[in-house]
Amino acid sequence: MRKLLIKYSSFLFIALAIMSIFSGMTVKAASENQKQFVFDQAMLLTDTERTELESLAVELGEETETALLVLTLDGTDGKDIKKYVEDYYDDEAPGYDQPFGNTAILAIDMEQRDIYLAGFKKAEDNLDNATLDYIREQITPALSEGDYFEAFSTFMHESAYYLVDDPANLENDYDYSGIADSRNEYIEGNSSNGMLGLLSHWGFQLIVSIVLAGIVVSIMVFQSGGKVTVNGNTYMDKRNSKIINRHDRFIRKTVTKQRKPQNNSGGGGGITGGGHSHSGSRGKF
């Protein structure tokens, strides 16, 4: 009996040891905080498409440890879309493993045809403004054509590419090849074209020419003129001169108009009313 107990105790010890080894391993699990990822208020997706996007968000969420959310809106109650997304994050507290956690959001408003992408926490670092600009440019044609499922799935895939350490480990059939090169070309092209466009613009060249000409003429006038020795008192007889009459004459009235600055939320990231910083990109579709 004693030998039997020792035998079974040995088996139990080995089983517990194996279980403790596996329990110590890092295992990717479904989001503990976020249970829904697609909020189709504008009713743009079929039930099948919505289900597939939910599954994709769960799959990629496990790989990236980030909640990938899609919001479709049919109006924002008068709010700017950037402000709407910021308030959504403050009010709903999304996140992969905790409230106010790692989150990437794509929001579109069908009423104003606005699109806004935002990244919070880990997504703010990995999906910076320039990267979100690139992703927005990638999905805008599909949105304009009404292929919303394609646009939303591309948003999730492209975001996941930058949210993992090694994109080769992403376990799905999406073609991730060339994304990094395309993104770099996009960013380099926008920065270089912006500077070259400014330098080659005729208005900029005209302003530079006028400024340079003004500087040259001012130097020439300063160097060519002699010392002025005559002033207003030179020919005045102060003993006999006096004011005999005084009157005011209205000559002209000048009214200057200045456009009142508008308090519109700009593109890029910012800070929510609750103090959560984020990256961002906005546009039209």
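Before any of the text, the structure's been laid out above.
Caption draft 1: Representation of the overall build of the protein chain in the model. Across its full length, the protein chain holds 8 helices and 6 strands. Going residue by residue from the N terminus, the α and β elements of the protein chain occur as α-β-α-β-α-β-β-α-α-α-α-α-β-β. In the protein chain, which comprises 285 residues, the proportion classed as buried is 35%. Look at the contacts in the protein chain between residues 6 or more apart in sequence, and 69% of them connect residues 24 or more apart.

Caption draft 2: Examining unusual backbone geometry more closely. Positioned with a positive phi, Ala93 is a non-glycine residue whose angle comes to about 50 degrees. Positionally, Ala93 belongs in the loop between helix 3 (81-92) and strand 3 (103-109). Positive phi, close to 60 degrees, is recorded for Arg113, a residue that is not glycine. Take Arg113: it is sitting in the loop between strand 3 and strand 4 (114-120).

Caption draft 3: Structural detail: the sheet that holds strand 4. One open sheet holds the 6 strands; their spatial order is 1-2-3-4-6-5, and the pairing between them is mixed. Among the strands making up the open sheet, the edge pair consists of strand 1 (38-40) and strand 5 (270-271). With 7 bridges joining them, strand 2 (residues 67-73) and strand 3 adopt parallel strand pairing. Considered in strand 3, the bridge of Thr72 is made with Ile108. In the packing of helix 6 (residues 148-163) onto the sheet, the strands contacted are strand 1, strand 2, strand 3 and strand 4, and the crossing angle to strand 2 comes to about 150 degrees.

Caption draft 4: Expanded view of the packing of helix 2 (residues 47-64) against helix 6. Across the interface, helix 2 lies against helix 6 with an axial gap of 10 Å and an inter-helix angle of 5 degrees. Judged by the inter-axis angle, helix 2 sits roughly parallel to helix 6. Of the residues in helix 6, those touching helix 2 at Glu49, Glu52, Leu53, Leu56, Ala57, Leu60 and Thr64 are Phe149, Phe152, Ser153, Met156, His157, Ala160 and Leu163. Residues that form the contact of helix 2 with helix 6 fall into these classes: 9 nonpolar, 3 polar and 2 charged.

Caption draft 5: Seen up close, the nonpolar core. Among the nonpolar cores identified, the biggest contains 52 residues, and Ile108, Leu143, Phe152, Phe155 and Met156 are the most heavily contacted of them. With 9 residues, helix 6 is the largest single contributor of residues to this core. Residue contacts for Phe155: discarding those within four places in its chain leaves Leu69, Val70, Ala104, Ile105, Leu106, Leu117, Ile135 and Ile139.

Caption draft 6: Seen up close, helix 5 (residues 129-144). Relative to the 22 Å expected for 16 residues at 1.5 Å per residue, helix 5 spans 22 Å between its end C-alpha atoms, a close match to the ideal helical length. Restricting attention to buried positions, one finds in helix 5 the residues Thr131, Leu132, Tyr134, Ile135, Arg136, Ile139, Thr140, Ala142 and Leu143. Remark: Gly146 follows helix 5 within two positions and exhibits a positive phi of approximately 85 degrees.

Conventions we followed
Residues numbered from 1 in each chain as written. Predicted model: local features only at pLDDT ≥ 70, side-chain atom pairs only at ≥ 80, totals over all residues. Heavy atoms only, no water. Helix = DSSP H or I, 4+ residues; strand = E, 2+ residues; numbered from the N terminus. Buried < 20%, exposed > 50% of the residue type's maximum accessible area, 1.4 Å probe, protein only. Contact = heavy atoms within 4.5 Å. Pairing = 2+ DSSP bridges. Axes fitted to C-alpha atoms, helices over the stretch in contact; angles between N-to-C directions. Parallel < 35°, antiparallel > 145°, perpendicular 65-115°, else oblique. Nonpolar A, V, L, I, M, F, W, Y, C, P; charged D, E, K, R; others polar. Core = buried A, V, L, I, M, F, W, Y, C linked by side-chain atoms within 4.5 Å. Expected span 1.5 Å × (residues − 1).

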